[in-house]
Amino acid sequence: MNLSYYPGCTLKTKAKNLEDSAVASMAALGVNLVELPRWNCCGTVYSFAEDEELHQLAPVRNLIRVKEVESNKVVTICSFCYNTLKRANLLITNDPEKRNTLNTFMEEEIDYNGEVEVVHLLEVLRDEVGWQSISQKVQLPLKGLKVAPYYGCTLLRPQAVAIDNVERPTIMHDLLQALGAEVVDFPFATECCGSYQILSNPDFVSHCVWDILSSALRWGAEAVALSCPMCDFNLGQKQKELRQTHSGFKGIPILYFTQLLALSLGLDPEVCRFELNYVDPRPLLESKGLLRQ
Amino acid sequence: MERIGVFLCHCKLIPPIDTGRVFEAIGNKPGVVYAADYEEMCMAPGLERVKEAIKDEKLDGVVLTSCSPALYEETFRHIVTSAGLEGYQMVVAELKGQDGAKEATQRAIEAIESALERLRMSRPTVSSRVPITKRALVIGGGIAGIQASLDIADAGYEVILVEKTPSIGGRMIQLSETFPTLDCPQCIETPKMTDTGQHPNIKILAYSEVEGVSGNIGKFKVKIRRKAAYVDWDKCNGCGICQERCATKALAEFQQYLDLPGKIAHRKAIYIPFAQAVPMRPVIDREHCRYFTKGKCGLCEMACPVGAIDFSQQDSFVEIEVGAIIVATGFDLMPKSEIAEFEEDPDIIDGLEFERLLCPAGPTAGKVIRPSDGREPKEVVFISCCGSRDPEHGVPYCSRVCCMYLVKHALLYKHAVPDGQAYIFYMDIRTTGKGYEEFIQRAVEEDKVLYLRGRVSKVFRDGDKIKVWGSDTLTGKRVEIACDLAVLGMAMLPSEGSKELAVKLSIATDEYGFMTELHPKLCPLESTVPGIYLAGCCQGPKDIPDAVAQGGGAASKLLSLFSQDEVILEEAAVS
Ligand SMILES: Cc1cc2nc3c(=O)[nH]c(=O)nc-3n(C[C@H](O)[C@H](O)[C@H](O)COP(=O)(O)OP(=O)(O)OC[C@H]3O[C@@H](n4cnc5c(N)ncnc54)[C@H](O)[C@@H]3O)c2cc1C
């Protein structure tokens, strides 16, 4: 199966580990992620301003790229891109006036009327591949690895774009279970990591990250799994500071769900690019016999 | 009909209508020979004009317009019949609920056109006189149904009271103490329950449900299913030895399925639901009884001194004839699991569960404990509007009693645990009943109950504590409280199965499933079917005083029907 794939900027730079492990895993599951031609930045943050149609140009242009390759669906892997594209798409679908303004403004482009469906990779795994067929393809079950799935906000909020139950999502739980991991449920799984407040309010982010990580540890997690490069940056990069401010905190590896997927499908660990993770997960994985030393 | 007159009413309450356009549109309709408009036709001078026109123009059919056909039909019918026409020769068209002048005129034209069509199809009716069967059916044995039954029975008429659980009493008998006077239901409801059980005119059919209904006001035929209790209630004398001997425990409905340490809130597989039950008769719960699950046991059978246990009992049916029906099926609470941001945890409970923990006659004898470990909670958070006033959770309405029972809970908790702290999160405090505001003031001033104005976003376990996240909108700050127990004021919903019952009775329900009264202000006791009345929370959330008032009111409506000997039913004549 071929699916149009929108990578976004971060997956080409800081989150290469996310992209490489995702693309390789999907190929192993029989899904060929075909990168869109001429894609541009998703716009990063969905604009809340009522009168800022200009902000919608970036995401909508990407959707036009999808329409041009005659595809009716586009897969995103980064949660932030997912959120921005999906919401821009909803706006275009539900607001004929803004749709008209945008189409008129982009006179060099073909008209776009919401023909494309935006989905996240987790949805593809659930709805197109299926948990059962994933677990059948697992070569190396993640036995004994206690992982806390962390959703953050952008996969779930607002409700109209949620890929699962907003308050009690299970989609990543289900995936990790299919991979044989020991899934750790914890109350902060859907709390915000602080997001781009990291730029203007880094102390606030430290606070958020500590709440999330300490709760995951209290509930017995050895690692956290997520899908968002923004969350990964905050949860990973903040740990150096937290080790100094919170005695006894030794750190906890943060992994992309796709890295765990690739590993359990028996792919070459090279595709996981573990060297890019902020907290090196390799010692933990080795101790569990999931990685050769 | 050959000579039809159309009377257009308009007043300041109806959006302006272009009468000229209306007349133009309907003037050439077949049969229409006369059209007139009048301001406030519903008043005496207007009605006189209609009467005169019918006579002068020799009309044989009329269409009247009105803001509320349901309310004016009766009045119009009197006028039309006094002018010599019969009821079937009149149709009332509704002119309400339109917006914008242009639209209003178009809608009025359409309403009149369809009324003309109905008039054209209308056939003479034959009226038949039906003798009234002076026996009443009351469905639901909560406080509303009990009150209605007693009032009817005291007036000298027979009542059949159908209750789906093994005992009457309803939610009220589960409560600890009742606001605002803090009297205990065991003291104030039990006498009414006993009176109901002993009244020569009342027959209680407990553990029974309405299976089907046919007929009309004056004479309904009702089929009732008596669920198998596996105990012959005629032989049983209610001694209770069976439940003493039974060796199987199960979570108890009456205790809201509370699972307390040492299983102190459990009941047996054969059980009398509570100590004051009426009737005082046990039932066997097939799902847990070892005789049914394992095929052998029979401890109760061996113990019963009168041989009342009957494992072979089947559901049975009785058919009764009644002249009128009162529906009083009460409410259920929205399940806690509907609010996903509140975790499922033994120490996150709803109001009815907390009532059982507070109740001096309850499983803990009124000692407040945490269900998880039996410890006394030192900090308790009460959360208002869980589901209610929250369209996201499907309940935009206010459940009306939660503000009061949560403060009652906080106050009773403080009386039980004087060194404890009670917090109440609220949106608004609604205390409109008599003595209610004073009750709140007392809790705040004397018992130091702490009110926090804001909503709660998340409730979850954190080690030994329950964490509550909310906002205090008065200080604009986020608050986090680590407490030992959280009590949720869950929304009130119509009781389970009331929708199905409404279908059997052909009465209307609103979008939430509450039974609809005939008119929201002027007919609050009547259902949409003549001869069927409503009482208590089946019609909408309310407290005990209101439920009792409505129970008494429904009974008096029914009694005024029973003061006549026959009803006149009109049916279209079969030609
Ligand atoms: C936690 C809590 C605390 C409260 N505290 C107070 C208080 O302190 N003071 C106060 O004034 N009010 C209080 N209330 C409100 C009070 O409980 C209600 O006003 C009262 O119970 C309403 O009585 P009812 O007869 O209408 O309904 P219910 O009490 O619900 O009784 C309905 C009866 O009908 C039966 N039934 C249901 N469906 C059927 C069917 N299909 N066929 C046959 N029978 C059926 C039920 O089994 C039940 O016996 C409280 C409510 C809650 C939730």
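Residues numbered from 1 in each chain as written. Chains lettered and ligands numbered in written order. Predicted model: local features only at pLDDT ≥ 70, side-chain atom pairs only at ≥ 80, totals over all residues. Heavy atoms only, no water.

Student: Help me understand the environment of A:L261, please; the structure alone is not making it clear to me.
Tutor: Inspection of the secondary structure assignment puts A:L261 in helix α13 (residues 257-264). For the pair formed by A:L261 and A:S25, sequence separation is 236 residues and the distance between their alpha carbons is 6.6 Å. (Helix = DSSP H or I, 4+ residues; strand = E, 2+ residues; numbered from the N terminus.)

Student: Just checking my understanding: could you explain the sheet that holds strand β15 (residues 316-322) of chain B for this structure?
Tutor: Pairing between sheet strands relies on hydrogen bonds along the backbone, with the strands arranged either parallel or antiparallel. All names here are of chain B. Taken in spatial order, the 3 strands of this open sheet run β9-β10-β15, and their pairing is antiparallel. Whereas interior strands pair on both sides, the edge strands pair on one side only; in this sheet they are β9 (208-216) and β15. Within the sheet, the average angular offset between the axes of one strand and its neighbour, ignoring direction, is 20 degrees. Strand direction decides the pairing type here: strand β10 (residues 219-226) and β15, joined by 7 bridges, are antiparallel. By the bridge assignment for β15, V222 is matched with I320. (Pairing = 2+ DSSP bridges. Axes fitted to C-alpha atoms, helices over the stretch in contact; angles between N-to-C directions.)

Student: Can you help me understand the domain arrangement of chain A in this one?
Tutor: Quoted interface sizes are often the accessible area lost when the parts come together. All names here are of chain A. When the domains of chain A are assigned, the result is domain 1 (2-121) and domain 2 (131-287). Placing the centre of domain 1 and that of domain 2 at their C-alpha centroids yields a distance of 24 Å. Between domain 1 and domain 2, the contact holds 26 residues from the first and 29 residues from the second. Interface area for domain 1 against domain 2, summed over the two sides, is near 2300 Å², with a carbon-plus-sulfur share of 72%. Viewed at the interface, domain 2 and domain 1 are joined by 1 salt bridge. As a salt-bridge pair, R273 and D20 come within 2.9 Å of each other at their nearest N and O atoms. Among the elements of the structure, α1 (9-12), α2 (16-28) and α4 (79-94) are those that each provide at least two residues to the side of domain 1 that touches domain 2. The leading source of residues in the side of domain 1 that touches domain 2 is α2, at 9 residues. Here the residues of the side of domain 1 that touches domain 2 are counted per class, giving 14 nonpolar, 7 polar and 5 charged. (Domains from an automatic or database assignment. Contact = heavy atoms within 4.5 Å. Buried area = accessible area lost by both parts, 1.4 Å probe. Salt bridge = Lys/Arg side-chain N within 4 Å of Asp/Glu carboxyl O. Nonpolar A, V, L, I, M, F, W, Y, C, P; charged D, E, K, R; others polar.)

Student: Any chance you could explain the site of the ligand here in plain terms?
Tutor: Residues and elements named next belong to chain B. As a matter of local geometry, the ligand sits amid 34 residues, with E163, F179, K408, C537 and K542 nearest to it. Between the ligand and the protein, one listed contact pairs an oxygen atom with a side-chain N or O atom of E163 at 2.6 Å. In the environment of the ligand, an oxygen atom lies 2.7 Å from a nitrogen or oxygen atom belonging to the backbone of K542. Considered on its own, the ligand offers 990 Å² of accessible surface; in the complex 97% of this is hidden by protein. Residue assignment for the shell around the ligand shows that the elements contributing at least two residues are α5 (143-154), β17 (331-333), α11 (351-358), α12 (402-416) and α15 (544-562). (Near = heavy atom within 4 Å. Polar contact = N/O pair within 3.5 Å; in protein donor to acceptor, adjacent residues only side chain to side chain. Areas by Shrake-Rupley, 256 points an atom, 1.4 Å probe, with all protein chains shown as cover.)

Student: Please explain the interface of chain B and chain A as it appears in this structure.
Tutor: Listed as interface residues are 12 residues of chain B and, on the opposing side, 10 residues of chain A. The contact between chain B and chain A buries some 940 Å² in all, and 45% of this surface belongs to carbon and sulfur atoms. For chain B, the biggest contributors to the area lost against chain A are B:A340, B:K458 and B:W469; these three give 42% of the whole. On the surface where chain B and chain A come into contact, there are 3 salt bridges. The residue B:E344 makes a salt bridge to A:R168 at a minimum N-O spacing of 3.1 Å. If you look at where chain B meets chain A, you find 6 residue pairs in polar contact (both at pLDDT 80 or more). A per-element tally of the side of chain B that touches chain A places strand β22 (residues 456-462) of chain B first, with 4 residues.

Student: Honestly, the side chain of A:E19 in this entry has me stumped. Any pointers?
Tutor: All names here are of chain A. Topologically, E19 is positioned in helix α2. With a relative accessible area of 4%, E19 lands in the buried category. At 3.0 Å, the side chain of E19 forms a polar contact with the side chain of K12. Beyond its immediate stretch of four places on either side in the chain, E19 contacts Y5, P7, L11, K12 and E35. (Buried < 20%, exposed > 50% of the residue type's maximum accessible area, 1.4 Å probe, protein only.)

Student: I tried to follow the domain arrangement of chain B on my own but got confused; where do I start?
Tutor: Residue and element names in this part refer to chain B. Domain annotation of chain B identifies domain 1 (4-122), domain 2 (135-227 + 315-330 + 495-568), domain 3 (241-303) and domain 4 (335-492). With centres defined by C-alpha atoms, the gap from domain 2 to domain 4 works out at 31 Å. Between domain 2 and domain 4, the contact holds 19 residues from the first and 24 residues from the second. For the pair domain 2 and domain 4, the summed buried surface comes to about 1800 Å²; carbon and sulfur atoms form 68% of the total. Of all residues in domain 2, S176, F179 and P541 bury the most surface against domain 4, accounting for 33% of the area lost on that side. Summed over the shared surface of domain 2 and domain 4, the number is 1 salt bridge. Split into classes, the residues belonging to the side of domain 2 that touches domain 4 amount to 10 nonpolar, 4 polar and 5 charged.

Student: Even after reading the chapter, I still don't get the packing of α11(B) against α12(B), so can you show me in this structure?
Tutor: How two helices pack is summed up by the angle between their axes together with the distance between the axes. Residue and element names in this part refer to chain B. At a minimum axis separation of 11 Å, α11 and α12 run at an interaxial angle of 30 degrees. With respect to their mutual orientation, α11 and α12 come out roughly parallel. The chirality of how α11 crosses α12 is left-handed. Note on element contacts: α12 touches α11 through Y405, K408, H409, L412 and Y413, opposite G351, F354, E355 and L358. For the contact of α11 with α12, the per-class residue count stands at 5 nonpolar, 2 polar and 2 charged. (Parallel < 35°, antiparallel > 145°, perpendicular 65-115°, else oblique. Left-handed = near helix turned anticlockwise from the far one by under 90°.)

Student: Could you clarify how one ought to interpret the packing of aromatic side chains in this entry?
Tutor: Where two aromatic rings form a pair, the distance of their centres and the angle of their planes describe that pair. All chains considered together, the criterion is met by 20 aromatic pairs over all chains. Ring plane angle 80 degrees and centroid distance 5.5 Å describe the contact between A:F188 and B:F460, whose orientation is recorded as edge-to-face. Remark: B:F460 occurs in strand β22 and A:F188 occurs in the loop between β6 (182-183) and α9 (197-200); the pair is interchain, linking two chains. You'll find A:F188 and B:F460 in the same group, each marked buried. Between the aromatic rings of B:Y230 and B:F292, the centroid separation amounts to 4.8 Å while the plane-to-plane angle is 55 degrees, which identifies the pairing as tilted. You can see B:Y230 sitting in the loop between β10 and α8 (241-245) and its partner B:F292 sitting in helix α9 (residues 290-293), a full 62 residues away along the chain. We classify B:F292 as partly exposed; its relative accessible area is 21%. Members of the aromatic cluster, connected to one another through ring pairs, are B:Y230, B:Y291, B:F292 and B:F311. The ring of B:W469 has B:R478 sitting right over it, with the charged end atom 4.9 Å from the ring centre. (Phe/Tyr/Trp six-rings, centres within 6.5 Å; stacked < 30°, edge-to-face > 60°. Lys NZ or Arg CZ within 6 Å of the ring centre and 35° of its normal.)

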